[in-house]
Amino acid sequence: MAETMFERLGGFAKVSHVVSAFYDNVLESPVLAPYFDGIDMKKQIDHQTKFFSALMGGPASYTDEELERKHARLNITEAAFDELAAVLRETLEDCGLEDSDINGILAEITNRKRFVVTKP
Ligand code: HEM
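Everything numeric in this text was worked out from a predicted model, so none of it was measured.

Draft legend 1. Looking closely at the overall build of the chain. Of regular secondary structure, the chain possesses seven helices and zero strands. The linear arrangement of helices and strands in the chain, starting from the amino end, is α-α-α-α-α-α-α. By the compact-globule yardstick of 14 Å for 120 residues, the chain fits well, its C-alpha radius of gyration being 14 Å. Its C-alpha atoms give the chain principal-axis dimensions of roughly 45 × 30 × 25 Å. A burial count over the chain gives 37% of its 120 residues as buried. A sequence separation of at least 24 residues applies to 73% of the contacts in the chain between residues at least 6 apart.

Quick look at the structure:
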């Protein structure tokens, strides 16, 4: 069977490292940091690691309905979503992922935009 992106990148430990770097960068963004005021970052990193792992063919996943429910009361704007995608791209580049993998991950994230941005 073909190797998944998750396996190729080095499995859970590597993904966990990438996610930690991502959140460090998120917290340095004046647009994004306020959304994470008062959130337990350890819990958040754990959840996001599972999510990224799922995107890349690893274990654990969230349905679109769950994502919508979890973000519904956060007032996430389209600008904030786009900023998060930009910060993610920079992080993945800094972590040395290949362009094709980066584009694949960004496409999976962008596909879920309507479930995360708060409806008017
Ligand atoms: C496609 C993009 C996104 C995905 C896949 C995603 C995924 C997730 C996941 C899996 C959780 C954990 C849910 C749980 O089990 O508790 C979560 C929580 C959260 N997300 Fe996102 N997220 C996305 C975009 C965003 C954006 C753009 C923001 C803010 C600008 C954001 C802010 C938050 C916050 C603040 C929480 C914590 C909620 C809480 O614990 O009360 N997310 N997200």
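Having seen it, we continue.
Draft legend 2. Broad picture of the site of the ligand. The environment of the ligand is made up of 20 residues, and the closest members are Tyr35, Gln48, Phe51, Tyr62 and His71. Taking His71, its side chain carries an N or O atom lying 2.7 Å from a nitrogen atom of the ligand. The site holding the ligand turns out to be the largest pocket. Mapped onto the shell around the ligand, the elements with two or more residues apiece are helix 3 (41-55), helix 4 (64-71) and helix 5 (78-94). In terms of residue count, the dominant contributor to the shell around the ligand is helix 3 (four residues). When the residues that make up the shell around the ligand are grouped by side-chain class, the tally is 14 nonpolar, four polar and two charged.

Draft legend 3. Representation of the coordination of the iron atom of the ligand in the model. There is one protein donor for the iron atom of the ligand, namely His71 (NE2), at 2.0 Å. Here His71 is to be found in helix 4.

Draft legend 4. Inspection of a negative patch on the surface at higher detail. A cluster of acidic side chains, namely Glu90, Glu93, Asp94, Glu98 and Asp99, defines a negative patch on the protein surface. In terms of residues, the negative patch owes the most to one element, helix 5, which gives three residues. Here Glu90 lies in helix 5.

The rules we used
- Residues numbered from 1 in each chain as written.
- Predicted model: local features only at pLDDT ≥ 70, side-chain atom pairs only at ≥ 80, totals over all residues.
- Heavy atoms only, no water.
- Helix = DSSP H or I, 4+ residues; strand = E, 2+ residues; numbered from the N terminus.
- Rg over C-alpha atoms; globule rule 2.2 N^0.38 Å.
- Buried < 20%, exposed > 50% of the residue type's maximum accessible area, 1.4 Å probe, protein only.
- Contact = heavy atoms within 4.5 Å.
- Near = heavy atom within 4 Å.
- Polar contact = N/O pair within 3.5 Å; in protein donor to acceptor, adjacent residues only side chain to side chain.
- 1 Å grid on protein atoms, 1.4 Å probe; cavity = no way out; pocket = protein on both sides within 12 Å on 5 of 7 lines; lining within 4 Å.
- Sits in = over half its atoms within 2 Å of the grid points.
- Nonpolar A, V, L, I, M, F, W, Y, C, P; charged D, E, K, R; others polar.
- Donors = N, O, S within 2.8 Å, 3.2 Å for Na, K, Ca; no water.
- Patch = residues over 30% accessible without salt bridge, like charges linked within 9 Å, V, L, I, M, F, W, Y side chains within 5 Å.
- Areas by Shrake-Rupley, 256 points an atom, 1.4 Å probe, with all protein chains shown as cover.
- Salt bridge = Lys/Arg side-chain N within 4 Å of Asp/Glu carboxyl O.
- Lys, Arg positive; Asp, Glu negative; His and termini not counted.
- Charge placed at Lys NZ, Arg CZ, Asp CG, Glu CD.

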